[in-house]
Amino acid sequence: MHIGIDVGGTSTDGVLLHRGELVQSVKKPSRQEDLAETILAVLDGLLEGRDAGAVRRLVISTTLVTNLLATQKGARTALILVPGRGLPFDFYRIAPDTYFLKGNIDFRGKVTEPVEEAEIERAVADIRARGIGRIAVAAKFSNRNRTVEQEIARAIKRLYPEATVVLGSETANRLNFPRRAVTAYYSAVTAPEWNGFADRIEEALHRRGLKAPVDILKADGGTMPLVLSRENPVETVFSGPAASAMGAVALSRRKENAVVIDIGGTTSDIALLIDGEPLHASGGALINGRLTHINALALRSLALGGDSAVKGESGRVEITAERFGPAACFGGPVATVSDAFACHRGLKLGEAERAREKIAAAAAAAGLEPGPFAAAVVEQALERLGALIQGMFREWENEPAYKVWEIVHRRRFRLDRLYGIGGAAELIVPLLADRLGVPYLVHRLAPVANALGAAVARPTLAVSLYADTQQKRYLVDREGIEGSIDNPEGFRLEEARKTAAQCLARLAAARGAAQYLNDTRVILAEQFNMIRGFSRVGKIFRVDVQIAPGLIDEFEGVAD
Amino acid sequence: MKPTGLLFFPAFDWAISPSHPEREERLLYTRDQIFEEGIMDLPQVREYQPRLAEARDIARVHFCVPSIKDIASEAHLVAAGGSLVMADAFAAGEIKNGFAIIRPPGHHAMTVAHGNRGFCNINNEAIMIEYLRRKYGYRRIAIVDTDVHHGDGTQEIYYHDPDVLFISFHQDGRTLYPGSGFVEEMGAPPAVGTTINIPLAPYTTDEGILYVLDRLILPLLEEFKPELVVNSAGQDNHYSDPLANMRFTATGYAELNRRLAPDLAVLEGGYSVETALPYINLALIMAMAGIDSSNMREPDYDPAAFKEDPGNLARLDRIAALQLENFRRREDERAAAIKKGPPFYSTTRQIYYDTDHIRESQQIKQRLCPNCCSYRVIASAAVHAYGQISRALCFSIPLYCCSACREEARDAYRQAVQEGGGADYIYLQDRAADDYRRFDSRGDTEETIN
Ligand SMILES: [Zn+2]
Ligand SMILES: [Zn+2]
């Protein structure tokens, strides 16, 4: 048995799968103030009359971190930065309690200006005096040299041993210092609450005799073990849309280019599948207006859903961003997008007569007949959704590229299929697919695609290796892994690839991801000869490898 | 406030040869610095992606011998296309200014292109400027070439065009490639005074360059009133550059760009890939984006390290006075040249292609017309390294040509095509009609370049 639970803004869905069939699904309202309780209630609903010991895996997708960051209710955290050369320090005032230290590391990892002990001491004393118990530390180019951050961490340990420290170089160590600092900061901010949540879940599962691995869904559509999420809880942000996208992957299981559209009450979320895999945002997740190093799906949202109210005004037809209740045909007070689509398509849905009356009233206000009014709403909705989707295609086609080959061979997005999820998908998706000129699918399990996606998502893991043979060393962007290169002359791209793959394997073992290593993909492999004078003094490599989002091996699909 | 446009195209898969200064590594550390700063994430900066320049974009500026395909590789087309993307964004009002950090560079490439000169095959700035003029109607343009080497390609392309003010400061040609760029190179008679060269003594510092900026370059721009200012932004004046001997710093480059306030900047040379380029490029981006760049300096920067020689400043004063006078006399000089006749101004020139070892000789004729800056005819013969000779006859009609001159030039082209006249290739560049043709005498075929 496999269980997936997805916490949404208003309700929480859970599914229990057995031998490729959905045997139970549960829906409960989400209590945002106690998500653990909501999750356990859904779990109990799923397990009712079943043996918890037979569960093979439980995956939870939760809004806990998203909410914490959105409401800024995380733990007060100080941020110590060593920005070195570059933008004025003011550009990095990321946290209310930000401390700047002197010091500089260059792009090759050379410390050109050391940090001053006295400055560290002053900052830590101040943090301590303010009673701030958590400290995130990030230095510019700490991805090329961790010693500066480590030195600060040692000083904190000595001066303020009770403080918890998160280092940028151990959370997200790719290029981009502000994103690294933000990621480390958010990680520290959300950790206490997240750990409390993890403790409760672990304890409750133990009581229920559920011994299966518990995984958490991440923003990138993959999972990580609950125990490891304690180190980097911020990776669980925005897992809801990731759950839906993985649900579409699970329901289709086709290596196609597709649009997944999740049409809710007042918003539509759109994700892209490229060859059957969800597309990631090149910029990393955007949280509270700040970009991070967290891999997240490329998503676009539009304030347009099935319950969006429509109105007419002196010849104009408007789809508003407001919701006054369900669609008129389901007893709502005003005409909605759903009513317009049902009316336009001549579908008998719910109280069809009531819907027609509300449409007629709105049409009259626009000075139109009901038919043309509904048609105009439909046209406007399809136009806006279509434009958003086309915009996503263009963005994918124009992803930053830095090689001649990539510019000359610019790719084109060729859409194969449209997947609909969410309450109003049945009404809107057929017409949208028609406009895009592709077939569509609104699966019978679409209403629980999110929980299903969580249940069958496999672990993901990405590793970026940077190697410098002149300095005879390599660094990896996770968990502080680094090593020396013993034979710099013989270290070529092939060796760099192997080293990256070894690091990936090491990390995968702890994440229950070892069985997916044969699906390791090289995302980027670049090498540069370092020439000084007229001779080569070394090489610089960068190799990115990953286990991409996908479905667990045990899942073989559900019937259409 | 509109953002600054940034187009970063490091051509990580292109090099002239593995250990050449123009190699893959050139912008590697600049990439590291740009991305580590997170500069692309700032609201003050918007990143753009390059596209391929089209053949007609190249033909608007160059006569490529034997063909565009042979001279401009895909890398060159992407670099040139990158400058066009910046131009479009600027002309459309999306950005307040733009910086194209592109390679390969272009400012040594001349109108007739037989191969690579000074690491350049096609001239990115000129291609960008002619595109802007054609598509958006710009006319008066100023180019300030801040590369340490004389921008002889750009100078040659605009030598006869009074609507383009070309200003180049560079290390004195007696001490550095390409050995030109002296004050007496002032433009062809119909455009005399709109080419301004400022040869600098080796070891000139920030102070010296900013001195000549304030006393000569900015006043020239003030008087010329260009619709557009382009910085041909080389970075090899830096004190650590291996190919030259100047003492300019990243801080100096930022200050230069702050005062110059170019609308568009296009990267040219600069070969101190590790100790200069990351700092100069970032400082320049910040200066253009209106961000305080005082914290963006080299790790070994010492403001007191280089002192300007007072004798050098006095010399710069003399150059400034002389060039301002040359510039202010330009209308009279031009009128006198046209009045005096003969109907054609003609000259000859030898050009050496250092990278490709080509020796080219040219005969140049420019029509002197009271109504327009008229057409040019260039007869070019190039001797390649292995002894092969190629000859080209080129007719170039500027965008703002009067109709009489234009007809005359087109007739001359047609007549040359009929008679052959010993050229392997005969070209027509009619910017007024955006019509570009290449006639191959051996195959007796004419093609229109699109
Ligand atoms: Zn140069
Ligand atoms: Zn004329």
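Structure first, text after, so check above.
This section reports on the structure supplied with the text.

Reading guide: rules and limits
- Residues numbered from 1 in each chain as written.
- Chains lettered and ligands numbered in written order.
- Predicted model: local features only at pLDDT ≥ 70, side-chain atom pairs only at ≥ 80, totals over all residues.
- Heavy atoms only, no water.
- Axes fitted to C-alpha atoms, helices over the stretch in contact; angles between N-to-C directions.
- Helix = DSSP H or I, 4+ residues; strand = E, 2+ residues; numbered from the N terminus.
- Parallel < 35°, antiparallel > 145°, perpendicular 65-115°, else oblique.
- Left-handed = near helix turned anticlockwise from the far one by under 90°.
- Contact = heavy atoms within 4.5 Å.
- Expected span 1.5 Å × (residues − 1).
- Buried < 20%, exposed > 50% of the residue type's maximum accessible area, 1.4 Å probe, protein only.
- Donors = N, O, S within 2.8 Å, 3.2 Å for Na, K, Ca; no water.
- Tetrahedral: all angles 85-135°; square planar, octahedral: opposite > 155°, others 65-115°.
- Polar contact = N/O pair within 3.5 Å; in protein donor to acceptor, adjacent residues only side chain to side chain.

## A look at the packing of helix α1 (residues 35–47) of chain A against helix α6 (residues 177–208) of chain A
All names here are of chain A. Relative to each other, α1 and α6 sit at 25°, their axes nearing to 10 Å. The angle between the axes of α1 and α6 places the two elements in the roughly parallel class. Like other packed secondary-structure pairs, α1 and α6 cross with a definite hand, here right-handed. Contact residues: L35, A36, E37, I39, L40, L43 and D44 in α1; F197, R200, I201, A204, L205 and R208 in α6.

## Section: α1(A)
Residues and elements named next belong to chain A. A rise of 1.5 Å per residue sets the reference length of α1, with its 13 residues, at 18 Å; its end C-alpha atoms lie 18 Å apart and thus fit the reference within 8%. By the criterion of burial, α1 is predominantly enclosed, with ten of the 13 residues buried. Buried residues of α1: L35, A36, T38, I39, L40, V42, L43, G45, L46 and L47, and no others. Against the buried residues of α1 lie β1 (2–7), β2 (11–18), β3 (21–29), β4 (57–61), α2 (64–70) and α6. Following α1 by one or two positions, G49 adopts a phi angle in the positive range, close to 75°.

## What about the coordination of the zinc ion (ligand 1)?
Residues and elements named next belong to chain B. The protein atoms that coordinate the zinc ion (ligand 1) are D147 (OD), D147 (OD), H149 (ND1) and D236 (OD), at distances of 2.0 to 2.7 Å. Taken together, the four donor atoms coordinating the zinc ion (ligand 1) and their angles of 53 to 152° define a geometry best described as irregular. For the zinc ion (ligand 1), all donor residues lie on one chain, and their spacing in sequence is D-x1-H-x86-D. Accessibility classification places D147 together with H149 in one group, the buried group.

## Here we look at unusual backbone geometry
Residue and element names in this part refer to chain B. Residues V65 and P66 are joined by a peptide bond in cis, for which omega reads 5°. Locating P66 in the fold gives a position in the loop between β3 (63–64) and α3 (68–71). Cis rather than trans, the peptide bond between Y177 and P178 has omega equal to 0°. Of note, P178 is situated in the loop between β7 (164–171) and β8 (195–200). Despite not being glycine, F119 has its phi angle at roughly 75°, a positive value. Secondary-structure assignment places F119 in the loop between β5 (112–113) and α5 (124–136).

## A short note on the coordination of the zinc ion (ligand 2)
Reference values for angles at a metal are 109.5 degrees in the four-donor tetrahedral case and 90 or 180 degrees in the six-donor octahedral case. Residue and element names in this part refer to chain B. The zinc ion (ligand 2) binds to the protein through C369 (SG), C372 (SG), C402 (SG) and C405 (SG), with metal-donor distances spanning 2.2 to 2.3 Å. When the donor residues of the zinc ion (ligand 2) are listed from N- to C-terminus, their spacing reads C-x2-C-x29-C-x2-C. Highlighted residues: C369 in the loop between β12 (358–367) and β13 (376–383) and C402 in the loop between β14 (389–397) and α12 (403–419), separated in sequence by 33 residues. The exposure classification of C369 matches that of C402, with both residues buried.

## Let's talk about the environment of E22(B)
Residues and elements named next belong to chain B. For E22, the location among the structural elements is in the loop between β1 (4–9) and α1 (28–37). For the pair formed by E22 and D161, sequence separation is 139 residues and the distance between their alpha carbons is 31 Å. The contacts of E22, once residues within four sequence positions are left out, are W14, A15, I16, R103, P105, F119 and Y271. For E22, the side chain forms a polar contact with the side chain of R26, separated by 2.6 Å. Here Y271 takes part through its side chain, which lies 3.1 Å from a polar atom of the side chain of E22.

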